[in-house]
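Here's the letter readout for the chains.
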Amino acid sequence: MGKALIIGAGGVASVVVHKCCQNPDVFEEICIASRTLEKCDALKNKLEGSNTKITTAQVDADHTDEVIDLINSFKPDIVINVALPYQDLTIMDACLATGVHYVDTANYEPPDTAKFEYKWQWAYKEKFEKAGLTALLGSGFDPGVTGVFTAYAQKHYFDEIHTIDIVDANAGDHGYHFATNFNPEINIREVTANGRYFENGEWVETPPLAVKKVYDLPEIGPKDIYLMYHEELESLAVNINGVKRIRFWMTFSEKYLTHLKVLENVGMTSIEPIEFEGKEIIPLQFLKAVLPDPASLGPRTKGKTNIGCIIQGMKDGKPRTYYVYNVCDHQECYAEVGSQAISYTTGVPAMIGAMLVMKGIWKKPGVFNVEEFDPDPFMEELNKNGLPWQESFSPTLLD
Ligand code: NDP
């Protein structure tokens, strides 16, 4: 069917590459391009013998010109951006300049402020409309599948959605004292930010990880969950008509939080540059350099993740509750694609989003979040591509 340019060669990119190669009818050819060429080549070597033709390239996606040159030489139908959120805008600019569709998994962040907002990318709407191109934002798990789950609930089970609680649980154990499951810099910026949720048309702010509950998750058991801000809250608040409250919860172990507190107290999580031995460094980037590479956690991580949406609302004049979730096993993911479940649950939906745009099923001019499209084909592909979902109509609520 076509060609995809995959930018990034980290944990998530590795899964995207494996999954594209499992769908060679759609992804006839892919190019893996990233800052470090050796990582692209290493990934290519892992997939030797695949029916998808693979090439690699070096690119610094902070520079639009470099991405434009690469697109012009490879001529993809779509760019799958699984580099870092800092590169979203430069890559979107390159897609506009060359007439290519765009998919990512995380919203743009300016490198010097931890801000999770869609405003920069939503500002590209008119440009993509005029160019007749699709930009699909946040097609990972959360954001991503959580938006598709909500759209599915809205389409099939509710006349009105009143509350959404997104619960992201990771019961995986990698055996390290402290490690993050995806890019440490992005992860720690997210976790140390203030909590925020949407209620009655307003945003309510809480200190970082100040609101805690215990929730008993299917196949995982009771876990401490903490209220956090997460970027899909912003788009769901806009796209789900009449929603009264949306919250996001994530599990953290005592051990993780104790280490994080200490690192924070000593200044290691700061993004303010400091002078060190005559050189300017950013403490959080230094910390990233000493922490385990998330891509190395795969062989060590045991246990499961469970991510889903608990939704309350009305159907035919009666109150209804609904819970839709996916359970993913770290070791099964590793056996299949050589990555742990966090990368897996992000990489599979990134591939599915790109597939639906390439097939023309999710193709329309403009900039969109996943919940703005028909959820059914995406839900079907989740079942086919390793992320089967389950549903319940009598979940325990988080009120
Ligand atoms: P990694 O740090 O493992 O990989 C990032 C990759 O991007 C690396 O290969 C890195 O290259 C490359 N890269 C960084 N800067 C540039 C640049 N300027 N030009 C070209 N390549 C660059 O991150 P992950 O794979 O864990 O995460 C990838 C993305 O997925 C992130 O945006 C993250 O926020 C998002 N994510 C989304 C989730 C969701 O559910 N929606 C969940 C988890 C992650 P190098 O190796 O040289 O550093």
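From a predicted model like this one, the values you see are computed outputs, not experimental measurements. (Residues numbered from 1 in each chain as written. Predicted model: local features only at pLDDT ≥ 70, side-chain atom pairs only at ≥ 80, totals over all residues. Heavy atoms only, no water.)

## Quick word on the UniProt feature "domain: Saccharopine dehydrogenase-like C-terminal" (unreviewed entry) in the protein
In the UniProt entry, the feature "domain: Saccharopine dehydrogenase-like C-terminal" (unreviewed entry) is given for residues 140-387. Summarising residues 140-387: 34% helix, 31% strand, and an end-to-end C-alpha distance of 12 Å. (UniProt positions renumbered as here; feature names shortened; annotations may be inferred. Helix = DSSP H or I, 4+ residues; strand = E, 2+ residues; numbered from the N terminus.)

## Quick look at empty space enclosed by the protein
For the structure on display, the rule yields two cavities of 30 Å³ or more. The calculated volume of the largest cavity comes to roughly 40 Å³. Lining the largest cavity we find Tyr118, Leu137, Gly138, Pro143, Gly144, Gly147, Glu232, Ser235, Asn369, Val370 and Glu371. Taken together, the residues of the lining of the largest cavity sort by class into four nonpolar, five polar and two charged. Empty space within the second largest cavity amounts to approximately 30 Å³. As for the second largest cavity, its lining consists of Glu190, Val191, Ala193, Asn194, Gly195, Pro208, Leu209, Leu227, Met228 and Tyr229. (1 Å grid on protein atoms, 1.4 Å probe; cavity = no way out; pocket = protein on both sides within 12 Å on 5 of 7 lines; lining within 4 Å. Points joined across faces, edges and corners; volume = space filled by probe spheres on them. Nonpolar A, V, L, I, M, F, W, Y, C, P; charged D, E, K, R; others polar.)

## Some remarks on the pattern of salt bridges
Going through the model one piece at a time under the given rule, you end up with 18 salt bridges. For lysine 19, the salt bridge goes to glutamate 336, with nearest N and O atoms at 2.6 Å. Remark: glutamate 336 occurs in helix 12 (residues 330-337) and lysine 19 occurs in helix 1 (residues 11-21); sequence separation between them is 317 residues. The partly exposed category is assigned to glutamate 336, whose relative accessible area is 37%. Glutamate 381 is paired through a salt bridge with lysine 384; the nearest N and O atoms lie 3.5 Å apart. Of the two residues, glutamate 381 and lysine 384 are both situated in helix 14 (residues 375-384); the distance of three residues between them amounts to about one turn of the helix. (Salt bridge = Lys/Arg side-chain N within 4 Å of Asp/Glu carboxyl O. Buried < 20%, exposed > 50% of the residue type's maximum accessible area, 1.4 Å probe, protein only.)

## Considerations on the site of the ligand
Around the ligand sit 28 residues in total, of which Arg35, Thr36, Lys39, Ala61 and Asn183 are the nearest. Between the ligand and the protein, one listed contact pairs an oxygen atom with a backbone N or O atom of alanine 9 at 2.9 Å. One of the side-chain N or O atoms of glutamine 87 is found 3.3 Å from a nitrogen atom in the ligand. In isolation the ligand exposes 930 Å². Once the protein is present, 93% of that is buried. Residues belonging to the shell around the ligand are distributed by class as follows: 13 nonpolar, ten polar and five charged. (Near = heavy atom within 4 Å. Polar contact = N/O pair within 3.5 Å; in protein donor to acceptor, adjacent residues only side chain to side chain. Areas by Shrake-Rupley, 256 points an atom, 1.4 Å probe, with all protein chains shown as cover.)

## Side note on the pairing of strand 2 (residues 27-34)
If a strand is regular, its side chains alternate between the two faces of the sheet. Summarising burial for strand 2: seven of the eight residues are buried, a large majority. Direction of pairing for strand 1 (residues 2-7) relative to strand 2: parallel, over a ladder of six bridges. Residue pairing for strand 2: leucine 5 is matched across the bridge by cysteine 31. As paired strands, strand 2 and strand 3 (residues 53-58) are joined by six bridges and run parallel to one another. Within the sheet, the bridge partner assigned to serine 34 lies in strand 3 and is glutamine 58. Note that the unit made of strand 2, helix 2 (residues 37-46) and strand 3 has a crossover that is right-handed. (Pairing = 2+ DSSP bridges. Right-handed = clockwise from strand over helix to strand, strands pointing away.)

## Quick look at the environment of threonine 206
Mapping threonine 206 onto the fold places it in strand 9 (residues 202-206). Taking the relative accessible area as the measure of exposure, threonine 206 reaches 10% and is therefore buried. Once the C-alpha coordinates of threonine 206 and glycine 147 are considered, the two residues, 59 residues apart in sequence, prove to be 23 Å apart. Discounting residues that sit within four places of it in the chain, threonine 206 has contacts with Asn194, Gly195, Arg196, Tyr197, Val211 and Leu227. (Contact = heavy atoms within 4.5 Å.)

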